[in-house]
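Analysis of the macromolecular model
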Amino acid sequence: MGGQTDHRPALTSAPDSPAEKLAARRRLAMIRLAVGGPTFMILLFGLVIAYRVAGRPLGDRVFWAVLGALVVGFAVYAVTALASLRPRRRARGE
């Protein structure tokens, strides 16, 4: 209280150079991939557990519809994360 604090850079400061921006974008994409896989597995496990607790058969249409939606959603998520890892192509004339 009332003491001196050391000067630290703000956490919201944006990277300055293009290389730093690329590194930050790639880091974020890797985090998205690292978080997305286990989240997908937890969702699948939760779906199976929910069906078991509800006493419903695992092969009915609703189960396959929900499972299909989960798989498609994860596929879109993974493709966008992988696409953000690729370097962006510059437009012609730049």
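1. Points about the overall build of the protein chain
Across its full length, the protein chain holds 2 helices and 0 strands. Of the contacts formed within the protein chain by residues at least 6 apart in sequence, a portion of 61% connects residues at least 24 apart. Split by element, the accessible area of the protein chain, about 8,100 Å² in all, is 66% carbon and sulfur.

2. A short note on the side chain of Ser 84
Relative to the assigned elements, Ser 84 resides in helix H2 (residues 61-85). For Ser 84, a relative accessible area of 18% corresponds to the buried category. A distance of 2.7 Å separates a polar side-chain atom of Ser 84 from the backbone oxygen of Ala 81. In contact with Ser 84, other than residues within four places in its own chain, are Arg 25, Ala 29 and Arg 32.

3. A look at the nonpolar core
The biggest cluster of nonpolar side chains holds 6 residues, and these are Phe 40, Leu 44, Leu 47, Tyr 51, Phe 63 and Leu 67. Among the elements of the structure, helix H1 (18-54) and H2 are those that each provide at least two residues to this core. Apart from residues no more than four positions distant in its own chain, Leu 67 is found in contact with Leu 44 and Leu 47.

4. Let's talk about H2
Owing to its 3.6 residues per turn, the α-helix aligns residues three or four sequence positions apart on the same side. For H2, which comprises 25 residues, the first-to-last C-alpha distance of 36 Å matches the rise-based estimate of 36 Å (1.5 Å per residue) to within 8%. Taken as a whole, H2 has its buried residues at Phe 63, Leu 67, Ala 78, Ala 81, Ser 84 and Leu 85. Taken together, the buried residues of H2 touch H1.

5. Description of the pattern of salt bridges
Close approach of charged atoms allows side chains of opposite charge to pair. A full pass over the atoms with the stated rule returns 1 salt bridge. Close ionic contact of Arg 56 with Asp 60 constitutes a salt bridge, the shortest N to O distance being 2.8 Å. Residue Asp 60 is classed as buried on the basis of its relative accessible area, which comes to 15%.

Conventions and cut-offs
- Within any chain, residue numbers begin from 1 and follow the written order of that chain's sequence.
- A pLDDT threshold of at least 70 governs which residues receive local features in this predicted model, and a stricter bar of 80 or more applies before side-chain atom pairs are shown or counted, although totals over entire chains, interfaces and linings include all residues.
- The side-chain quantities take in all heavy atoms of the structure and omit both hydrogens and water.
- By the criteria applied, helices consist of DSSP H or I runs no shorter than four residues and strands consist of E runs no shorter than two, each listed in order from the N terminus.
- What makes two residues a contact is simply this: any of their non-hydrogen atoms within 4.5 Å.
- Areas reported as accessible are Shrake-Rupley estimates using a 1.4 Å probe. Residue values count occlusion only from the protein chains shown.
- Burial classes follow relative accessibility: with a 1.4 Å probe on protein chains only, a residue under 20% of its type's maximum area counts as buried, one over 50% as exposed, and anything between as partly exposed.
- As used in this structure description, the phrase polar contact means that two N or O atoms lie within 3.5 Å; if the pair is within protein, one of them must be able to donate a hydrogen and the other to accept it, and residues adjacent in sequence are counted only when both atoms belong to side chains.
- Definition of nonpolar core: a set of buried residues of the types Ala, Val, Leu, Ile, Met, Phe, Trp, Tyr and Cys, connected through side-chain atoms within 4.5 Å.
- Given a helix with a known number of residues, its expected span is that number minus one, times 1.5 Å.
- One side-chain nitrogen of Lys or Arg within 4 Å of one carboxyl oxygen of Asp or Glu is enough to make a salt bridge.

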